[in-house]
Amino acid sequence: MNDPVVAILVLAPAVGGLAAWRMRGQTVELIAFAAYVAACSAGVGLILAAFQTGHVTAFGGIVSIDALGAYVLALTLIVAGLALWASPRYIRHELASDGLRPHDEGHYYALFLWFMATLITVPIVDNLGLLWVAIEATTVVSALLVGINRSPDAIEAAWKYLILGTIGVGFALLATLFAYASSVQVLGESSDALNWTRLMSIAPTLNPSLLRLSFVFALAGYGTKIGLVPFHTWLPDAHSQAPSPVSALLSGVSLVAALYALIRFHLVAVAGIGPGFSSTLLVAFGLLSMAVALPFMIRQEDVKRLLAYSSIEHMGLLAVGVGFGGPLALLGVALHMGLHAVTKATLFLSAGELVQQYGSRRLSAIRGTITAAPVAGVALGGGIVLLGGLPPSGIFVTEFAIVVGGVTQGFFPAAAATALLLALCFVALAVHGSRIVWGHPGPVLAASNFDIGLALRLAAPLLAVAVLGLWTPGPLISALESIKAILGATGA
Amino acid sequence: MSLTITLTALDAARLLDATSAGIVLVGILIAGTRSIGRAVWLVAAQAILLSAAIAGVGLATHSSHLVIGSLVTLASRGIAVPLAIRYILRQSPVRVERNPYLGPRASLVAAIAIVFVSAMAIGNATLVGSVEAPRALPAAVAEVLTGLLIAMTRRKGLSIVVGLLVFENGLALVAFSLTYGMPFVVELGATFDLLMVVVVVGVYARRMLTVFGSLSTDKLRNLRG
């Protein structure tokens, strides 16, 4: 019954990409918009159904969307919408300034739509093998987007991303294989032996040493795609060199997609061998990521690399939160995932705007934007301070919840370390943010022309993030509660 | 007149064991060669051995999905991928690994050491339930590690890709030796991904040749901090 809706969700961007490949100008923008609207309307239907009934399945159980999957799907559609909305302005500027060649326009939208299709596939498949296939596909498609402008730096970033991403995700395949081996021992070679829902139902009977191996390899493999230290080295390069709307997708949702995959393995491990093993590893690698990202954020000279390192920090925080477990931290994790995705995407979009206007990505050049480029400048500077966790914005609330949740779960030293690192990151980001807005203005290449669309798509998401700390709408709370129930299904 | 091939499950396991040994041997040769062209043929030889093992087990167990899987492996990993890499290689001015971080002889010794370590570490593990081929899993893990070794110690872009392909062959052998492969649709998806990776490698190899004039990753060290 849901089959056609799911088919539209995935096929609309896939087919739209095919149609866009050789097109240019308004035609290609229209194709991309139409494909997005089709996918989005199918997606909204599925998301609402998943939250109302708890579970949507299609194609004989290959597709299975629970609250967590629906949430990641919703974030994907929101961030992809923002990034697609920003794309025409960005791409036209690149074409005009010879950053891109004329036929790149169609390729850009085609790859964008395919990237979106692969990202959409991740949270809706139940089979961990297909989940792996979808994540690997995100790497392949987005590697083409990272290097689309053919500059030496972009080629370097894309090459590293492709090679390290493929090797890293190879380890996640090993994780999948070990999970499959453990489940085949119980079920025999059944076609649903890799389905996550099936694995969860038989988790206590699975071979514990295979489950441990499986989680370790999932941590290294999907950890590479999440950007957990020490598997993160490709991330600042790829996220900073990609066209800014693509950076928004990469940092906003492709990291969350990989985290989603790791969480599925974590939940199987928790159900099979108890919370001790995988939670400890998540907390340790999460803290390491936060600690390593901090000095790179303090000394950063490149605005997009600053945002990329901040993504490493936030993914670290989410890993820590998942590791803490318990109702409070998990509720924080659920909301934080969304707030970070929306904030970071908006910041990359405003950074892209400023980089084009200043003709530089150096933080020493992009200063005093309050006079030179007020809309994007205030969005970037203010957004960066929000991102650091300015009280009482939503991000402050979720970070607070994760830290307090850690204390109540008995992770006292780790929670204290998390709080300290968050405070230091806030200071670093606040300094960068205030310089961007108030600093001594640098030279500007192109004067900013006011665009209502630009103002709307930069201001609205940031206002939402700020307000969500003080007031959270009822439906969102019940959605977050059901996500929390999945995250903590068998833990704590 | 009909030709019937009768293979018992035990024969199939022995075949897998023997081909695993062959794959390991070829892996050591790959680590020890400077010529990227030769390395690509050796990677193809590994994939052909792998597909033979899969076909053997498929015939013995009367599993049509394994027989089809072996043909897919042969066509993709054994033929299409090596030909594509050869095609890219022909456009590159330099086709030998001149100045690797770890020379061919040292790599050869390291690859042999990896095989011994894997055999000792995994040889006794009782992970494998259904497959009676004790050498397959250690061989597979050795190939995964050999691939990593090659990818990490070479400078030329295509040498790194050779390492990646050895790594991928190792992964395929792990899959096969643990559980006789994964569900068919997953295998197909994974193969499709691998082909796409090679296509994207080709795209960037061309861009690197245009922009840097070579495929040496020494040119790729601008992005720091």
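Quantities reported herein were computed from a predicted structural model and do not represent experimental measurements.

Procedures and definitions
Residues numbered from 1 in each chain as written. Chains lettered and ligands numbered in written order. Predicted model: local features only at pLDDT ≥ 70, side-chain atom pairs only at ≥ 80, totals over all residues. Helix = DSSP H or I, 4+ residues; strand = E, 2+ residues; numbered from the N terminus. Rg over C-alpha atoms; globule rule 2.2 N^0.38 Å. Buried ≥ 20, exposed ≤ 12 C-beta atoms within 10 Å, placed from the backbone. Contact = placed C-beta atoms within 7 Å. Nonpolar A, V, L, I, M, F, W, Y, C, P; charged D, E, K, R; others polar. Core = buried A, V, L, I, M, F, W, Y, C linked by C-beta atoms within 7 Å. Axes fitted to C-alpha atoms, helices over the stretch in contact; angles between N-to-C directions. Parallel < 35°, antiparallel > 145°, perpendicular 65-115°, else oblique. Left-handed = near helix turned anticlockwise from the far one by under 90°. Pairing = 2+ DSSP bridges.

Along chain B, the regular secondary structure elements total seven helices and zero strands. Secondary structure elements of chain B, listed N to C terminal, follow the sequence α-α-α-α-α-α-α. Its C-alpha atoms give chain B a radius of gyration of 18 Å, near enough to 17 Å, the size a compact globule of 225 residues would have. The dimensions of chain B, computed from C-alpha atoms along their principal axes, are 55 × 40 × 35 Å. Looking at chain B as a whole, 49% of its 225 residues are labelled buried. Put simply, of all contacts in chain B between residues at least 6 apart along the chain, 76% involve residues at least 24 apart.

Next up on the list: the overall build of chain A. The number of helices and strands found in chain A is 19 helices and two strands. In terms of overall size, chain A behaves like a compact globule, its C-alpha atoms giving a radius of gyration of 21 Å where 492 residues would be expected to give roughly 23 Å. For chain A, the C-alpha atoms occupy an extent of roughly 65 × 50 × 45 Å along the three principal directions. Here the contacts in chain A between residues at least 6 apart in sequence split such that 80% fall between residues at least 24 apart.

On to the interface of chain B and chain A. On the side of chain A, 35 residues touch chain B, which itself brings 33 residues to the contact. Those elements that provide at least two residues to the side of chain B that touches chain A are helix H6 (157–179) and helix H7 (184–212) of chain B. At 15 residues, H7 of chain B tops the list of elements feeding residues into the side of chain B that touches chain A. When its residues are assigned to classes, the side of chain B that touches chain A shows 25 nonpolar, five polar and three charged.

Looking now at the nonpolar core. Val 79 and Ala 158 of chain A together with Val 162 and Val 174 of chain B are the most contacted members of the largest nonpolar core, which has 280 residues in total. The dominant element in this core, judged by the number of residues it contributes, is helix H6 (residues 152–187) of chain A, at 21 residues. Apart from the residues within four sequence positions on either side, Ala 158 of chain A is in contact with Ala 143, Val 146, Gly 147 and Ala 238 of chain A together with Tyr 204 of chain B.

All right, on to the environment of Leu 173 of chain A then. Residue position: Leu 173 of chain A is located in helix H6. Accessibility expressed as a C-beta count within 10 Å gives 26 for Leu 173 of chain A, which makes it buried. Spatially, the C-alpha atoms of Leu 173 of chain A and Cys 40 of chain A are 30 Å apart, while their sequence positions differ by 133 residues. Setting aside anything within four residues of it in sequence, one finds Leu 173 of chain A in contact with Trp 132 of chain A together with Leu 171 of chain B.

Residue placement: His 93 of chain A occurs in helix H3 (residues 67–96). Considered as a pair, His 93 of chain A and Leu 267 of chain A are 174 residues apart in the sequence and their alpha carbons are 45 Å apart.

For the rest of this paragraph, the subject is the packing of H3 of chain A against helix H10 (residues 244–273) of chain A. Residues and elements named next belong to chain A. Where H3 contacts H10, the two axes come as close as 8 Å, and the packing angle between them is 170°. Overall, the two elements H3 and H10 adopt an arrangement that is roughly antiparallel. Both H3 and H10 take part in a crossing whose hand is left-handed. Facing H3, whose interface residues are Val 72, Leu 75, Thr 76, Val 79, Ala 80, Leu 82, Ala 83, Ala 86, Ser 87 and Tyr 90, H10 presents Ser 244, Pro 245, Ala 248, Leu 249, Gly 252, Val 253, Val 256, Ala 257 and Tyr 260. Residues of the contact of H3 with H10, tallied by class, amount to 15 nonpolar, four polar and no charged.

Right, let's talk about unusual backbone geometry for a bit. Residue and element names in this part refer to chain A. Each neighbour pair has its own omega, and for Val 229 with Pro 230 the value is 5°, a cis peptide bond. By secondary structure assignment, the location of Pro 230 is in the loop between helix H8 (208–226) and helix H9 (235–241). Across the junction of Pro 391 and Pro 392, the peptide omega takes the value 0°, indicating a cis bond. Structurally, Pro 392 can be placed in the loop between helix H15 (374–389) and helix H16 (394–408). Even without a glycine there, the phi angle at Phe 59 is positive, about 50°. Note on placement: Phe 59 falls in the loop between strand S1 (55–58) and strand S2 (63–66).

Next up on the list: the packing of H10 of chain A against helix H11 (residues 276–298) of chain A. Each pair of packed helices gets described by two things: the angle between the helix axes and the distance between those axes. Residue and element names in this part refer to chain A. Look at H10 against H11: their axes get within 7 Å of each other, and the N-to-C directions meet at 140°. Each of His 266, Ala 269, Val 270 and Ile 273 in H10 lies in contact with H11, whose residues at this interface are Phe 277, Ser 278 and Leu 282. Across the contact of H10 with H11, the residue classes break down as five nonpolar, two polar and no charged.

Residue and element names in this part refer to chain A. Topologically, Gly 106 is positioned in helix H4 (residues 104–124). A tally of 21 C-beta atoms within 10 Å means that Gly 106 is categorised as buried. Considered as a pair, Gly 106 and Glu 29 are 77 residues apart in the sequence and their alpha carbons are 8.8 Å apart. Beyond its immediate sequence surroundings of up to four residues, Gly 106 is in contact with Ala 20, Trp 21, Arg 22, Met 23, Arg 24 and Val 28.

A few words now on the pairing of S2 of chain A. Residue and element names in this part refer to chain A. In this sheet, S2 lies alongside S1 in antiparallel orientation, the contact comprising four bridges. By the bridge assignment for S2, Thr 57 is matched with Ser 64. Connecting S1 to the next strand, S2, in antiparallel fashion are four residues, including Phe 59 with a positive phi near 50°.

Honestly, that's just the spatial picture; any functional story needs more than this.
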